[in-house]
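Structural description and commentary
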Amino acid sequence: MTEWSEDGPGNQRPPNSASAPKALLPVRWGWFAVLVMVFGTIALAWVWSRPALYESHALLQVQFPPRYQSALAESPPEEMVLHQQVLLSHPLLQTLQQQLGSLGVVVTLDELRSNLQVEVLPNSQLVRLVAQAGDPALAPSVVERWITLYQQRFSQRQDQITRAEGARLDERVAELERMQQQVQQELETYQREHQIASIERDENRVMNRIRGLAESLDRIAEQRRRAEAERDALLAAKRRGEILVQAQDQAGIDNLSRRAVQIKDQLQTLEEQYTRRYLQINPEAQALQHRLRQIEAQIDERQRQSLTQQLQRAQRQVDSSRAQEQVMLAELAAQNDAVRQFEGRLLTLQARREQLALLNTELATLRNQRLAFSQAPRRDVRIHVLEPAVSSTRTVAPDYWRDSGWALLLAALLALALSILKGMMSARLLHGARLPAPPVPGPPRVIHSVGVAPLSVATCRELLRCADQQERLLIMLLLSGVQLREVSRLAWYHLADGCERLSVPSLPPRELSLAPALSRSLRQSFEGPDQRLQPLLVAEDGHPLSPDQLDERLAATAERAQLRDRDISGEQLAHTYLCFLAEQGAGLEQLERRLGPLPVDVLDPLQQRLPAGPARMLEEINPHYPALL
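These remarks concern the structure in this document. (Residues numbered from 1 in each chain as written. Predicted model: local features only at pLDDT ≥ 70, side-chain atom pairs only at ≥ 80, totals over all residues. Heavy atoms only, no water.)

**Regarding the nonpolar core**
To keep it simple, the criterion reads: We call a set of buried Ala, Val, Leu, Ile, Met, Phe, Trp, Tyr and Cys residues a nonpolar core when their side-chain atoms join them within 4.5 Å. Any residue under 20% of the maximum accessible area for its type is buried, any over 50% is exposed, and the rest in between are partly exposed; the area is computed with a 1.4 Å probe on protein chains only. Secondary structure elements are taken from DSSP: a helix is a run of H or I of four residues or more, a strand is a run of E of two residues or more, and numbering for both begins at the N terminus. Contacts are assigned to residue pairs with any non-hydrogen atoms lying within 4.5 Å of each other.
By size, the foremost hydrophobic cluster in this structure holds 51 residues, and its most contacted members are Leu463 and Leu522. Breaking this core down by element, the ones donating at least two residues are α15 (457-466), α16 (469-478), α17 (484-487), β7 (501-504), α18 (516-525), α19 (547-560), α20 (570-583) and α21 (588-595). Sorting elements by how many residues they give to this core places α16 first, with six residues. When residues no more than four places from it in sequence are discounted, the contact partners of Leu522 are Leu473, Trp492, Leu495, Cys499, Leu514 and Leu536.

**Notes on the packing of helix α5 (residues 90-102) against helix α7 (residues 138-193)**
For any two helices packed against each other, one specifies the inter-axial angle together with the distance between the axes. Formally: Geometry is summarised by axes, namely lines fitted to C-alpha atoms with helices restricted to the contacting stretch, and by angles between N-to-C directions that run from 0 to 180 degrees. An angle counts as roughly parallel when it lies under 35 degrees, as roughly antiparallel when it exceeds 145, as roughly perpendicular when it falls between 65 and 115, and as oblique in every other case. The handedness criterion is simple: a crossing whose near helix is rotated anticlockwise from the far helix by less than a right angle is left-handed, and one whose near helix is rotated clockwise is right-handed. Think of it as three bins: nonpolar holds Ala, Val, Leu, Ile, Met, Phe, Trp, Tyr, Cys and Pro, charged holds Asp, Glu, Lys and Arg, and polar takes everything else, Gly as well.
Orientation of α5 relative to α7, taken along the N-to-C sense of each, is 130°, at an axis distance of 10 Å. It follows that α5 is oblique to α7 by the angle criterion. In the crossing of α5 with α7, the sense of the turn from one axis to the other is right-handed. Across the interface between the two elements, Pro91, Leu92, Leu93, Thr95, Leu96, Gln99 and Leu100 from α5 touch Val142, Arg145, Trp146, Leu149, Tyr150 and Arg153 from α7. In the contact of α5 with α7, the residues fall into nine nonpolar, two polar and two charged.

**A few points about the environment of Leu187**
Following the sequence through the fold, Leu187 ends up in helix α7. With near-sequence residues (within four places) excluded, Leu187 lies in contact with Leu349, Arg352, Arg353 and Leu356.

**A short note on the sheet that holds strand β6 (residues 495-496)**
Rules: Strands were regarded as paired on the criterion that DSSP finds at least two bridges between them.
Taken in spatial order, the three strands line up as β6-β7-β8 in an open sheet, and their pairing is antiparallel. Edge positions in the sheet fall to β6 and β8 (510-513), since each has one partner strand and no second. In terms of strand pairing, β6 meets β7 through two bridges, oriented antiparallel. By the bridge assignment, Leu495 is partnered in β7 with Leu502.

**Quick notes on the side chain of Arg510**
Considering the arrangement of structural elements, one finds Arg510 in strand β8. Ignoring any residue separated from it by four or fewer positions in sequence, one finds Arg510 in contact with Gly481, Val482, Gln483, Glu486, Leu502, Ser503, Val504, Arg593, Arg594, Leu595 and Gly596.

**Details of the pattern of salt bridges**
Going by this rule: Put simply, a salt bridge is a Lys or Arg side-chain nitrogen that is within 4 Å of an Asp or Glu carboxyl oxygen.
Applying the stated criterion across every chain yields a total of 19 salt bridges. For Glu362, the salt bridge goes to Arg172, with nearest N and O atoms at 2.8 Å. Pair noted here: Glu362 is in helix α13 (residues 336-375) and Arg172 is in helix α7, with a separation of 190 residues, a long-range link. Residue classification places Arg172 among the partly exposed residues on the basis of a relative accessible area of 27%. With a closest N to O distance of 3.2 Å, Asp468 and Arg553 form a salt bridge. Of the two residues, Asp468 sits in the loop between α15 and α16 while Arg553 sits in helix α19, which places them 85 residues apart along the sequence. In the salt-bridge network here, residues are joined through shared partners; they are Arg224, Glu228, Arg322 and Glu325.

**Let's talk about a nonpolar patch on the surface**
Convention followed: Any residue with relative accessible area above 30% and no salt bridge may belong to a patch, with like charges joined within 9 Å and the nonpolar Val, Leu, Ile, Met, Phe, Trp and Tyr side chains within 5 Å. Accessible surface is estimated by sampling points in the Shrake-Rupley manner with a 1.4 Å probe; for residues, cover comes only from the protein chains shown.
Residues Trp406, Leu409, Leu410 and Leu413 make up a contiguous nonpolar surface patch of about 440 Å² in total accessible area. Within the secondary structure layout, Leu409 lies in helix α14 (residues 400-431). Residue Leu409 is classed as partly exposed on the basis of its relative accessible area, which comes to 41%.

**Here we look at the packing of aromatic side chains**
Here is the rule: For this analysis, a ring pair means two rings from Phe, Tyr or Trp (six-membered ring only for Trp) whose centres lie within 6.5 Å, classed as stacked if their planes differ by under 30 degrees, edge-to-face if by over 60, and tilted for the remaining angles.
In this structure the tally under the stated criterion is four aromatic pairs. Where Trp492 meets Phe526, the ring centres are 5.5 Å apart and the plane angle is 50°; that geometry is what we call tilted. You can see Trp492 sitting in the loop between α17 and β6 and its partner Phe526 sitting in the loop between α18 and α19, a full 34 residues away along the chain. Residue Phe526 is classed as partly exposed on the basis of its relative accessible area, which comes to 30%. Consider the rings of Phe580 and Tyr625, whose centres lie 5.3 Å apart with planes at 75°: the pair is edge-to-face.

Quick look at the structure:
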């Protein structure tokens, strides 16, 4: 086999290519020292030429009214952010710039804004002001003038708000008074036009007529109900056979009843004196009995006549009441339009009165607010200086020693890069004529002298023969381009097209076509749709197998196949499949398309196993390992 140098196949060095650059080392290091001195001097001069900045700070407290206290317990209100924005607003900074200009300090507005900072302390009512200046005595003066300007502007703003609030209250009170007068006038006009006042005082003729008709209708209806009740009672008594007699008929009936009693007493006396046979032939007795029957018949006849007269009188009363009720209803129906019109007017009047009452209530409340506001004008927010501006003798920017270290480091790196570039250009100019031409690409071949040798096809078949169902699937997946760590994440829903394609959950995801033997084994192991969400390879407890457990299963399979002297692992099987693809001419890019990203410890020895010549595409080679066909 051909021995290649460290540069890999096709990049052989000439025998004296390594010794030529060594002669230029003193020249490169000399250039490096000169460049470090030049670049270092320039960088240090730039670092130490920058002016120093001094910092001064002050602390303000924004005092809110009591109604904000609950909100401050959770987070500062939006007004805290507004204070921060106003402190850095253009008008305020422009005024500060003019005051500094009167002191002889010339600064642009952008420079002033960049040297001022406002920080709202979290969960508090505190604002921290920071100013930076090149003069340690100027920074506190800038902060003091900044605070004074803000307090003046804030006080003016509060006064404007107070005046605007008072004017708003006055305007609202005047508006409500105008509305109250207007509604009151409309109410009085409405009452006068529609005679609402005469209705309330019972002076409206139409309404009085309607009210009288309604009362008469109620009385007639009550009379009708009493007449019907009396008639129904008489009919019920007649059906039961009860005797109901009028008062004027009762005296005659009572007289007849007494006569009948006297006759009965005479007959009783005769029956005590004589026998029944004698009484039957006695004319006096016969006359008394005949008179008794006549009297009883007269009593019955008078009772029937009295009941009939009562029924007739009750029926006449019912008919009369109904006729009067119909007349009243007709008269009320004729007045319905007037009734509905007056009812609508009364409802309108009631609505306007309610509106007037609401206006009176709102006006009274607003007048009380205006009175309280005029007695104690409101200042919702106040600003207090908790810590005045102080100066500092320590510079905050720039950090000369830190920047000097970075400047020297960058100067050294730049000098080193330029020195290496000069050495490479010198070596190419001196030895470019003796560099050999690149070798002509030959047929694809793989060198197995570096790294671990791949397993043979016979060994893989022996492993498959001695493996159980899950171990067989594991070996086939490793010989199809799935890495060991990816096998643990596979589930049945990653399979498609009748177990002929596999979507590997990697980054980036990739899709593999499976060998016929692997597809058949997967279809045999698939139990149904309920299994789609389960892992592809599971332990006895139902959990997916980890990479270490998968290696243990492979070791057990190798022991059953009596391959104890071989290091059978997931990495060895993946290496076998990798060499199988490389032998067919697949390059590194094509290998990673099939197997996913490969670690450096695999790529380094693999570079010396790749064939010389152009790489072939995956579509041009057979991706199925021979043992799986």
